[in-house]
Amino acid sequence: MISPGPTGWRDSAPLSQLPDQLRRAIEITPAAGTRERIIDITTLGRRTGRPRRIEIFFYRAAGRTYLCSGAGGAATDWHANLLAHPEFTFHLKNGIRADLPARATPVTDPAERQAVLTEIVADLNQPHDPGTIRPTRLEDWAASRLMRISFDDRP
């Protein structure tokens, strides 16, 4: 469950503070398949304030964790919800199950967006995962909704 107004958030809370199993599940590499990238997130509805749970992919780039709307950059409810209420629950569900308090920060800096999206697209173009559509082009992802995720760093 999402707890309102948590304290102790940092923009890039170190994953090293998480138990090893959880840290490994989040620190995916380009060798990770589709299954390892799928999580659920529970956000609070921007209008209703009610919990909303969806399935989504997460990505690792520049040593951090991200949510991204994907090619095309269409508006998404999860993104709008996180803009209104940045605290959410990051649900690991493949291989290990855990519900982690997290916070989303929109990535608006053009240099960071370019660097992160470049890594995400390069990762998606790896030949390891037949479930991924290829080729994926960076220009198709330029307008993507992009959120950097930090995890609650309270002990």
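Residues numbered from 1 in each chain as written. Predicted model: local features only at pLDDT ≥ 70, side-chain atom pairs only at ≥ 80, totals over all residues. Heavy atoms only, no water.

1. Points about the packing of aromatic side chains
One pair of aromatic rings is described through two measures. These are the centre distance and the angle between the planes.
And then number 1: Applying the stated criterion to the full structure yields three aromatic pairs.
And then number 2: Between the aromatic rings of Tyr59 and Trp141, the centroid separation amounts to 6.2 Å while the plane-to-plane angle is 90 degrees, which identifies the pairing as edge-to-face. Taken together, the positions of Tyr59 in strand 2 (residues 51–61) and Trp141 in helix 5 (residues 138–141) put the pair 82 residues apart, joining distant regions of the chain.
And then number 3: What makes Trp141 buried here is its relative accessible area of 7%. (Phe/Tyr/Trp six-rings, centres within 6.5 Å; stacked < 30°, edge-to-face > 60°. Helix = DSSP H or I, 4+ residues; strand = E, 2+ residues; numbered from the N terminus. Buried < 20%, exposed > 50% of the residue type's maximum accessible area, 1.4 Å probe, protein only.)

2. Quick look at the pattern of salt bridges
And then number 1: Tallied over the full model, the rule gives twelve salt bridges.
And then number 2: Of the charged contacts, one joins Arg148 and Glu112 as a salt bridge, the two residues approaching to 2.8 Å between their closest N and O atoms. Of this pair, Arg148 sits in strand 6 (residues 146–151) while Glu112 is found in helix 4 (residues 110–124), placing the two residues 36 residues apart along the sequence. Across this residue pair, the class does not change: Arg148 and Glu112 are buried. (Salt bridge = Lys/Arg side-chain N within 4 Å of Asp/Glu carboxyl O.)

3. A closer look at the pairing of strand 6
And then number 1: In terms of burial, strand 6 is a largely internal element, six of the six residues being buried.
And then number 2: Neither face of strand 6 is open: one carries Leu146, Arg148 and Ser150, the other Met147, Ile149 and Phe151, and all of them are buried.
And then number 3: Relative to strand 6, strand 3 (residues 64–68) runs antiparallel, the two being bridged by four bridges. Considered in strand 6, the bridge of Leu67 is made with Met147.
And then number 4: Taken together, the five bridges between strand 5 (residues 98–106) and strand 6 define a ladder with antiparallel strand orientation. When the sheet's bridge partners are listed, Thr105 is paired in strand 6 with Arg148. (Pairing = 2+ DSSP bridges.)

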